[in-house]
Amino acid sequence: MNPKEIAQHVLLEHGISELPVRVANLCDEFGITIKVANSLRMKEYMGLAMVVDKKPYIIIETSYCIESQKFTAAHELGHLLLGHVGSWKDASGIQRPSETCIEPDANAFAEELTMPECVLMSCGITTVRQIKKLCRILPEDSKRTAERVRQRLKSGDPFTPTEQWIVRQFADYIQQHTAKSVYRKERAVCATNS
Ligand SMILES: [Zn+2]
């Protein structure tokens, strides 16, 4: 399975049926401890995934906004579930995956986990603005997904069997969140939160 397919199986197997996907809850279900830090001060790292004494950890840098932290957590969960952590430190002689390989894979996992294309397509969600409202993901992290959704809708690319299962799992959510009703419902959510 590729990273996108692995994310789809996580959605199915963990019974996720609505957006936004609660990444912290998923990490908890995987037995991963999330720790926050505001002193990493490493400009290029917004988070870290590590295994210490066989226990998995995700460290999130909290100086970024909550939407950014959420996508970072999904990205780091991808590193853990895709087997990246540790493998590229292995000195066994097996060729280690380079960062240029693992970073796009972790992003592909995180994008599908937090913004499943088949759900967005079924809801008619095609813009970064709409994705931010439904998925709580920033435009800088959602623009690739938005572009893919638009391309798939244009090309008539059918859902895979796995995506068909996801759409069934999200059926109630999709029914309540077509593009027309997004703004009204999101205003209601904002009113509830304020
Ligand atoms: Zn990474």
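Look up: the structure comes first, before these words.
Computed from a prediction, not measured in an experiment: that's the story for all the values here.

Asker: Please clarify how the nonpolar core should be interpreted in this entry.
Answerer: Among soluble globular proteins, nonpolar side chains are generally buried collectively. Core analysis: the largest hydrophobic core is formed by 43 residues, its most contacted members being Ile 58, Leu 77, Leu 113, Val 119, Leu 120 and Ile 131. Elements with a minimum of two residues in this core: helix H1 (3-13), helix H2 (23-29), strand E3 (55-61), helix H3 (66-81), helix H4 (99-114), helix H5 (117-123), helix H6 (128-135) and helix H7 (139-155). Excluding residues that lie within four positions of it along the chain, Leu 120 makes contacts with Met 115, Ile 125, Ile 131 and Val 149.

Asker: Just checking my understanding: could you explain the packing of H1 against helix H8 (residues 161-169) for this structure?
Answerer: Helices that pack against each other are described as a pair by the angle of their axes relative to one another and the distance between those axes. It is at 10 Å that the axes of H1 and H8 come closest, and there the two elements cross at 35°. Relative to H8, the crossing made by H1 is left-handed. Residue-level inspection shows Glu 5, Gln 8, Leu 11 and Leu 12 of H1 in contact with H8, the latter providing Thr 162, Glu 163, Trp 165, Ile 166 and Gln 169. Of the residues assigned to the contact of H1 with H8, the class counts are four nonpolar, three polar and two charged.

Asker: Would you take a moment to explain the sheet that holds E3 for this structure?
Answerer: In a beta sheet, neighbouring strands are held together by backbone hydrogen bonds and run either parallel or antiparallel to one another. Ordered by their spatial adjacency, three strands build an open sheet running E1-E3-E2, and the pairing between neighbours is mixed. Either end of the sheet is taken by a strand with one partner, and the two such strands are strand E1 (33-37) and strand E2 (47-52). Between one strand axis and the next, the sheet turns by 25° as a mean value, whatever way the strands run. Each of E1, E2 and E3 is contacted by H3, which is oriented at about 35° to E2, the strand it contacts most.

Asker: What's the story with the packing of H6 against H7 in this structure? I'm lost.
Answerer: As a packed pair, H6 and H7 sit with axes 9 Å apart at the nearest point and diverge in direction by 115°. It follows from the interaxial angle that H6 and H7 lie roughly perpendicular. Judged by the sense of rotation from one axis to the other, the crossing of H6 with H7 is right-handed. Along the contact surface, H6 presents Val 128, Ile 131, Lys 132 and Cys 135, while H7 presents Pro 139, Ser 142, Lys 143, Thr 145 and Ala 146. Its residues assigned to classes, the contact of H6 with H7 comprises five nonpolar, two polar and two charged.

Asker: Help me understand H3 in this model?
Answerer: For an α-helix the count is 3.6 residues per turn, leaving residues at separations of three or four pointing the same way. End to end, H3 covers 22 Å across 16 residues, agreeing with the expected 22 Å (1.5 Å per residue, within 8%). Counted residue by residue, H3 has 13 buried out of 16 residues, so it is predominantly covered. Positive phi appears at Gly 83, one or two residues downstream of H3, with a value of about 80°.

Asker: Is there a simple way to explain H7 in this structure?
Answerer: Between its first and last C-alpha, H7 extends 23 Å over 17 residues, near the 24 Å set by a 1.5 Å rise per residue. Residues Asp 141, Ser 142, Thr 145, Ala 146 and Val 149 constitute the buried set of H7. Of the residues flanking the end of H7, it is Gly 156, one or two places downstream, whose phi is positive at about 75°.

Asker: How should I be thinking about the environment of Leu 12 in this particular structure?
Answerer: If you trace the backbone, Leu 12 turns up in helix H1. Given 15 C-beta atoms within a 10 Å radius, Leu 12 is considered partly exposed. Among all residues touching Leu 12, those that are not within four sequence positions of it are Trp 165, Ile 166 and Gln 169.

Asker: Whenever I open this one, the pairing of E3 confuses me. Can you help?
Answerer: Consecutive side chains along a regular strand alternate between the two faces of the sheet. For E3, the tally of buried residues reaches five of seven residues, placing the bulk of the element in the interior. Sheet topology places E1 next to E3; five bridges connect them, and they run parallel. Within E3, the position partnered with Val 36 by the bridge is Ile 60. Pairing of E2 with E3 involves six bridges; the strand directions are antiparallel. Looking at E3, one finds that Gly 47 is bridged to Ile 60. Linking E2 back to E3 in an antiparallel pair, the connection comprises two residues, with Asp 53 at a positive phi of about 50°.

Cut-offs used in this document
- Residues numbered from 1 in each chain as written.
- Predicted model: local features only at pLDDT ≥ 70, side-chain atom pairs only at ≥ 80, totals over all residues.
- Core = buried A, V, L, I, M, F, W, Y, C linked by C-beta atoms within 7 Å.
- Buried ≥ 20, exposed ≤ 12 C-beta atoms within 10 Å, placed from the backbone.
- Helix = DSSP H or I, 4+ residues; strand = E, 2+ residues; numbered from the N terminus.
- Contact = placed C-beta atoms within 7 Å.
- Axes fitted to C-alpha atoms, helices over the stretch in contact; angles between N-to-C directions.
- Left-handed = near helix turned anticlockwise from the far one by under 90°.
- Nonpolar A, V, L, I, M, F, W, Y, C, P; charged D, E, K, R; others polar.
- Pairing = 2+ DSSP bridges.
- Parallel < 35°, antiparallel > 145°, perpendicular 65-115°, else oblique.
- Expected span 1.5 Å × (residues − 1).

By themselves, these are just geometric observations and shouldn't be taken as functional.
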